[in-house]
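# Report on the structure
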Amino acid sequence: MRKIQMVDLKGQYGDIKDEVNASIQEVIDNTSFINGPKVHEFQKNLENYLGVKHVIPCANGTDALQIAMMGLGLKPGDEVITADFTFAATVEVIALLNLTPVLVDVNPDDFIINIDAIKRAITPKTKAIVPVHLFGQCANMESIMEIAEAHNLFVIEDNAQAIGATYTYKNGKKVKAGTISHVASTSFFPSKNLGCYGDGGAIFTNDDDLAHTIRGIVNHGMYERYHHDVVGVNSRLDSIQAAVLDAKLPRLNDYIKARQQAARKYNAAFKNIEKITTPKTVNGCDGVCDTCDCHVFHQYTLRLNGVDRDVLVKYLNDNGIPCGVYYPIPLHNQKAYRDSRYKEEDFEVTNQLVKEVISLPMHTELDDEQIEFITSKVIDFVNG
Ligand SMILES: *Cc1c(COP(=O)(O)O)cnc(C)c1O
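Residue indices begin from 1 for each chain and proceed along its sequence in written order. Local features in a predicted model are, by the rule used here, given only for residues with pLDDT of at least 70; side-chain atom pairs are given and counted only at 80 or more, and totals for whole chains, interfaces and linings are based on all residues. To obtain the side-chain values, all non-hydrogen atoms of the structure were included, while hydrogens and water were left out.

## A word on the pattern of salt bridges
Any Lys or Arg side-chain nitrogen located within 4 Å of an Asp or Glu carboxyl oxygen qualifies as a salt bridge. Counted according to the given criterion, the structure contains 15 salt bridges. Ionic pairing is found between Arg2 and Asp367, a salt bridge with its closest N-O pair at 3.4 Å. Here Arg2 is found in the segment before helix H1 (9–30), whereas its partner Asp367 is found in the loop between strand S14 (357–360) and helix H12 (368–382), with 365 residues between them in sequence. A salt bridge links Glu356 to Arg303; its shortest N-O distance comes to 2.7 Å. Within this pair, whereas Glu356 is found in helix H11 (residues 348–356), its partner Arg303 is found in strand S13 (residues 300–304), the two being separated by 53 residues in sequence. With respect to burial, Glu356 and Arg303 carry one shared label: buried. Linked through salt bridges whose partners overlap, the residues forming this network are Arg2, Asp8 and Asp367. Strands are runs of DSSP state E lasting at least 2 residues, helices are runs of H or I lasting at least 4, and numbering of each runs from the N terminus. Per-residue accessibility, obtained with a 1.4 Å probe over protein chains only, is compared with the maximum for each type, and a residue is labelled buried under 20%, exposed over 50%, and partly exposed between these values.

Structure below.
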């Protein structure tokens, strides 16, 4: 059996080596390292893939969030609601811009920001909601956009983990994750579903004026050379990273299918194991139906019930199986983000999830033998 990896970038590269190398070589040959034609090509191809009017590439997913918030003109003191159970980047940029983060609880079954918790958190100072499409599926965007409209709020989808996922409206209309809210961000960090070979990110929007504003912000606030109209940043996707991404984008749908196949096999193996809850989807399907693509499985995350997780992690590691705990500490309990207004009872679900979740190896190169080995070891352990 091949060695099991949490994310197998090397195995994936083996299959696409010729395309990726040729694409990178092109950039080196024409030395267009910054803002070269590859960046523009990738931007256009991603706009087409997503069905969104504007993709604005930038340096990483954290910058993408920050720039989106700058573009919306959020001001110090404005309250921004986001999920307690996610990676810290989201709350970090809110705090960095001197906005006020308001963390709220998530759903117990799909790990995604809870609609009632959002409603309860709205005050006259609330200006924006940042739903995170955690682990590969969309938050309940239809409800979130309704709340936003009723309260005149901006919505920024953090789509770092769900690029390529499909969101289905109640009336059956289907759109890609990251194209629903006023503006969205994504990350091309190497382990993300569409990853480059370094740092990268992008902002998406269908709003022409906002796209114009953001194109200036990513380039020192310049709309005309050496005229700085707003305070900006230097945040660019370099051409070599764009070359990698442009070579990988045509494979994204196959990569998603490979992840869904792995998830389907995991789900089947754990189906009747009492101490394991497999990931649920917002659509209520098993997340791996062939039609809806609602879940692109950035992570495959189980909830454990009555299992000593630390001992399980050690047991799996001892058997050559890497695994992860995303995320072990609620953001409201992180030193940097504590706030006297938070009450523990408002984070009942997150407080429970951080104790119970475990993420198994999930990538495009998992084979049946590896999945069989992983599931049998997990089941052996939990069944004692
Ligand atoms: C990875 C990630 C980010 C940050 O992306 P970087 O490119 O690493 O800056 C932001 N939000 C979420 C939910 C992420 O998973």
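## Observations regarding unusual backbone geometry
Excluding glycine, most residues fall at negative phi; most peptide bonds, likewise, are trans. Backbone torsion omega between Tyr326 and Tyr327 reads 10 degrees, so that peptide bond is classified as cis. Topologically, Tyr327 is positioned in the loop between helix H10 (309–318) and H11. The phi torsion at Asn35 lies on the positive side, around 55 degrees, for a residue other than glycine. Relative to the elements of secondary structure, Asn35 occurs in the loop between H1 and helix H2 (37–50). Unusually for a residue other than glycine, Phe111 sits at a positive phi of about 70 degrees. Mapped onto the elements, Phe111 comes out in the loop between strand S3 (100–104) and helix H5 (115–121). For Phe111, a relative accessible area of 4% corresponds to the buried category.

## Side note on the site of the ligand
Neighbouring residues of the ligand: 14 residues in total, closest Gly61, Thr62, Asp158, Ser187 and Lys192. Counting of polar contacts relies on pairs of N or O atoms within 3.5 Å, with two restrictions inside protein: one atom must be capable of donating a hydrogen and the other of accepting it, and residues adjacent in sequence are counted only when both atoms are side-chain atoms. Here an oxygen atom of the ligand and a side-chain polar atom of Thr62 are 2.5 Å apart. Calculation on the ligand without its partners gives an accessible area of 380 Å², and the protein chains cover 91% of this total. Think of it as three bins: nonpolar holds Ala, Val, Leu, Ile, Met, Phe, Trp, Tyr, Cys and Pro, charged holds Asp, Glu, Lys and Arg, and polar takes everything else, Gly as well. Looking at the shell around the ligand, its residues break down into five nonpolar, seven polar and two charged. By convention in these notes, a residue is near a molecule or strand provided one of its non-hydrogen atoms lies within 4 Å of it. For the area figures, the Shrake-Rupley method with a 1.4 Å probe applies, and any residue is considered shielded solely by the protein chains shown.

## Looking at the sheet that holds S13
Paired strands, in this sense, are two strands between which DSSP finds at least two bridges. Strand order across the open sheet formed by three strands is S12-S13-S14, with antiparallel pairing between neighbours. Strand pairing shows two members of the sheet lacking a second neighbour, strand S12 (276–277) and S14, which therefore form its edges. In terms of strand pairing, S13 meets S14 through four bridges, oriented antiparallel. Bridge pairing in S14 links Thr301 to Ser359. Packed onto the sheet, helix H9 (residues 252–270) meets S12, S13 and S14 and runs at close to 20 degrees relative to S13. In this analysis, two residues are considered to be in contact whenever any of their non-hydrogen atoms come within 4.5 Å of each other. Only C-alpha atoms enter the line fits that serve as axes; for helices the fit covers just the stretch in contact. Angles between N-to-C directions range over 0 to 180 degrees.

## A look at the environment of Tyr337
The residue Tyr337 is located in the loop between H10 and H11 in this model. With a relative accessible area of 15%, Tyr337 lands in the buried category. For the pair Tyr337 and Val231, spaced 106 residues apart in sequence, the C-alpha to C-alpha distance is 26 Å. Once residues lying within four places of it in the same chain are set aside, the contact partners of Tyr337 are Val91, Glu92, Ala95, Leu331, His332 and Tyr342.

## Digging into the packing of H10 against H12
The N-to-C vectors of H10 and H12 enclose an angle of 140 degrees; their axes lie 10 Å apart at closest approach. Between H10 and H12, the crossing angle belongs to the class labelled oblique. In the crossing of H10 with H12, the sense of the turn from one axis to the other is right-handed. In contact with Val311, Leu312, Tyr315 and Leu316 of H10, H12 contributes Lys377, Val378, Asp380 and Phe381. Of the residues that constitute the contact of H10 with H12, the class distribution is six nonpolar, no polar and two charged. Angle categories: roughly parallel below 35 degrees, roughly antiparallel above 145, roughly perpendicular from 65 to 115, and oblique for all the rest. Crossing handedness follows the turn of the near helix against the far one: under a right angle anticlockwise gives a left-handed crossing, and clockwise gives a right-handed one.

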